[in-house]
Amino acid sequence: GNSVTQMEGPVTLSEEAFLTINCTYTATGYPSLFWYVQYPGEGLQLLLKATKADDKGSNKGFEATYRKETTSFHLEKGSVQVSDSAVYFCALSGSGGGADGLTFGKGTHLIIQP
Amino acid sequence: GAGVSQSPRYKVAKRGQDVALRCDPISGHVSLFWYQQALGQGPEFLTYFQNEAQLDKSGLPSDRFFAERPEGSVSTLKIQRTQQEDSAVYLCASSLAGQGYQETQYFGPGTRLLVL
């Protein structure tokens with residue numbers, strides 16, 4: 001079945017540092033890949049997505065590229081801010097016909113210190 | 001416009017009690033999903049509706065869990081004879097067109113269930 005593995009947290013960085021959160025997946029076919037973010041006290045929000053190989057999703061300075069050859073979708077940001085502190089979830093949706101439920105990783109808690 | 005709403009936001013139940021959790025999806029959204037999120041874990045898929053039809057219930061952990069969406073809008077997740085292991089946050093999500101795996105799902109704030 002489908003699965004997502006992402007780096008365990010917490011990840012603690014200083015403001016303006018470079019961020020990478022690793023995500024790899026196992027899936028049959030050609031899934032879509034997502035990063036969701038959960039800010040303190042708020043619900044899950046879509047951060048970015050990519051629906052086919054070599055696509056790059058980007059939003060709010062974050063980027064992730066769908067790498068089918070390495071089955072990865074690593075999240076990157078060049079200069080993090082305190083306001084980026086949150087829990088980040090990598091997720092995939094299967095390639096079967098019709099809408100599929102998302103398969104999530106366990107989440108990575110990111111802490112940015114001023 | 002209004003997002004996905006869920007009620008109640010918090011529910012404390014005694015073991016053995018039945019509970020009902022409500023989800024109001026974004027107006028006009030065809031697809032509706034329920035997820036269970038244990039503490040410190042990612043959400044896990046429970047069930048999926050397209051309009052009023054429940055197309056996938058493979059994630060429901062036991063026959064004590066039941067979901068419905070009778071008119072294709074509001075959905076209710078019911079848990080009978082609650083157990084302590086049911087304690088979790090229950091998330092509802094909706095998506096626009098039911099066009100499949102590329103669609104963005106929009107999540108509600110969740111209902112935090114604590115079973116004592």
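Structure shown above.
Attention here is on the structure that accompanies the text. (Residues numbered from 1 in each chain as written. Chains lettered and ligands numbered in written order. Predicted model: local features only at pLDDT ≥ 70, side-chain atom pairs only at ≥ 80, totals over all residues. Heavy atoms only, no water.)

**With respect to the overall build of chain A**
- What chain A contains, in helices and strands, is 0 helices and 12 strands.
- Along the chain direction, N to C, the helices and strands of chain A fall in the order β-β-β-β-β-β-β-β-β-β-β-β.
- For 114 residues, the compact-globule estimate of 2.2 N^0.38 gives 13 Å, and chain A sits close to it at 14 Å.
- Reported as C-alpha extents along the three principal axes, the dimensions of chain A are approximately 45 × 30 × 20 Å.
- Scored against the burial criterion, the 114 residues of chain A give a buried share of 45%.
- Pairs at least 24 apart in sequence give 56% of the contacts found in chain A among residues at least 6 apart.
- Split by element, the accessible area of chain A, about 5,200 Å² in all, is 48% carbon and sulfur. (Helix = DSSP H or I, 4+ residues; strand = E, 2+ residues; numbered from the N terminus. Rg over C-alpha atoms; globule rule 2.2 N^0.38 Å. Buried < 20%, exposed > 50% of the residue type's maximum accessible area, 1.4 Å probe, protein only. Contact = heavy atoms within 4.5 Å. Areas by Shrake-Rupley, 256 points an atom, 1.4 Å probe, with all protein chains shown as cover.)

**Digging into the packing of aromatic side chains**
- By the definition in use, this model includes 13 aromatic pairs over all chains.
- Members of the aromatic cluster, each reached through a chain of ring pairs, are Phe34, Tyr36, Phe89 and Phe104 of chain A together with Phe33, Tyr35, Phe45, Tyr48 and Phe107 of chain B. (Phe/Tyr/Trp six-rings, centres within 6.5 Å; stacked < 30°, edge-to-face > 60°.)

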